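Topology and contacts: notes
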Amino acid sequence: MLQKGVLFLLLTVFAASLAPAFAKDLTETEVIAVAKDALTGKAIAFEDAVVVYDKDNQKWIGWGEVVAKTPSDPNYGNLPQGVLSGKKYHTVYFDFDETKRDDVWVFVDADTGDVLSVYEEK
């Protein structure tokens, strides 16, 4: 009987290890914190920006269509069709005053919490 219990425990641990190590439901606050950390790592001061959690990525979808149709954009063919293609992600938009700097978008993987990409409007 003890052996069956140990075997069950080992199988349970193994099955749990197959799930992504960091997979969890991220809160809006956690996603924004990850996005801010990404900008800090790029030496982008976000304090002057209005930070927008783009629920359901609707704001990005509209802008992403513009990127996808603008061959001169540095991310043409890279974001909507590339890095983000087929991914579940959260979008955080940093809306800077036009006199400060260009706006920034940060894309956070919904499963792992990793930053997929940082897009700076030019």
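Quantities reported herein were computed from a predicted structural model and do not represent experimental measurements. (Residues numbered from 1 in each chain as written. Predicted model: local features only at pLDDT ≥ 70, side-chain atom pairs only at ≥ 80, totals over all residues. Heavy atoms only, no water.)

**Remarks on the pairing of strand β3 (residues 104-109)**
Here is the rule we go by: Exposed residues in this analysis have more than 50% of their type's maximum accessible area, buried residues have under 20%, and partly exposed residues fall in between, with area computed by a 1.4 Å probe over protein chains only. We count a stretch as a helix when DSSP gives it H or I for four or more residues in a row; a strand needs E for two or more, and each element gets its number in order from the N terminus. By definition, two strands form a pair when at least two bridges between them are found by DSSP.
Of all six residues making up β3, six are buried, and the element is well covered by its neighbours. With burial as the criterion, each face of β3 is covered, one bearing Val-104, Val-106 and Val-108 and the other bearing Trp-105, Phe-107 and Asp-109. Bridge analysis of strand β2 (residues 89-96) against β3 gives six bridges, and the strand direction is antiparallel. Following the sheet pairing, His-90 is matched in β3 by Val-108. With five bridges connecting them, β3 and strand β4 (residues 115-120) associate as antiparallel partners. Within the sheet, the bridge partner assigned to Trp-105 lies in β4 and is Tyr-119. Where β3 folds back on β4, the antiparallel hairpin that results is connected by five residues, among which Gly-113 adopts a positive phi of roughly 80°.

**Observations concerning the sheet that holds β3**
Our working definition: To get an axis, fit a line to the C-alpha atoms, keeping to the stretch in contact for a helix; angles then go from 0 to 180 degrees between the N-to-C directions. A contact between two residues is defined here by any heavy atoms of the two lying within 4.5 Å.
Here four strands make up an open sheet; going across it, the order is β1-β2-β3-β4 and the pairing antiparallel. Of all the strands in the sheet, the pair left with one neighbour each is β1 (49-54) and β4. Across the sheet, the axes of successive neighbouring strands diverge by a mean angle of 15°, strand direction being ignored. Helix-sheet contacts for helix α2 (residues 28-41) involve β1, β2, β3 and β4, and the interaxial angle to β2 is about 60°.

**What to know about the nonpolar core**
Let me state the cut-off plainly: What makes a nonpolar core is a set of buried Ala, Val, Leu, Ile, Met, Phe, Trp, Tyr and Cys residues whose side-chain atoms join them at distances within 4.5 Å.
By size, the foremost hydrophobic cluster in this structure holds 16 residues, and its most contacted members are Leu-39, Val-92, Phe-94, Phe-96, Val-104, Val-106 and Val-118. Elements represented by at least two residues in this core include exactly α2, β2 and β3. Per-element accounting of this core gives the leading share, five residues, to α2. In this structure, Phe-94 is in contact with Ala-35, Lys-36, Leu-39, Phe-46, Ala-49, Val-50, Val-51, Asp-103, Val-104 and Val-106, ignoring residues within four places of it in sequence.

**Notes on the environment of Val-118**
Within the fold, Val-118 resides in strand β4. Taking relative accessible area as the criterion, Val-118 reaches 19% and is therefore assigned buried. The sequence separation of Val-118 and Val-108 amounts to 10 residues, and the corresponding C-alpha distance is 9.1 Å.

**Re α2**
Worth spelling out the cut-off: Every helix has an expected span of 1.5 Å times one less than the residues it contains. To be clear, the arc concerns the directions from the helix axis to the C-beta atoms.
The end-to-end C-alpha separation of α2 is 20 Å, in line with the 20 Å expected for 14 residues at 1.5 Å each. For α2, the full list of buried residues reads Val-31, Ile-32, Ala-35, Ala-38 and Leu-39. Viewed along the axis of α2, the buried residues span an arc of 115°, placing them on a single side of the element. Seen from the open side of α2, the exposed residues pointing more than 90 degrees away from its buried face are Thr-29, Asp-37, Thr-40 and Gly-41. Considering only its buried residues, α2 is in contact with β1, β2, β3 and β4. Ala-43 sits one or two positions beyond α2 and adopts a positive phi of about 60°.

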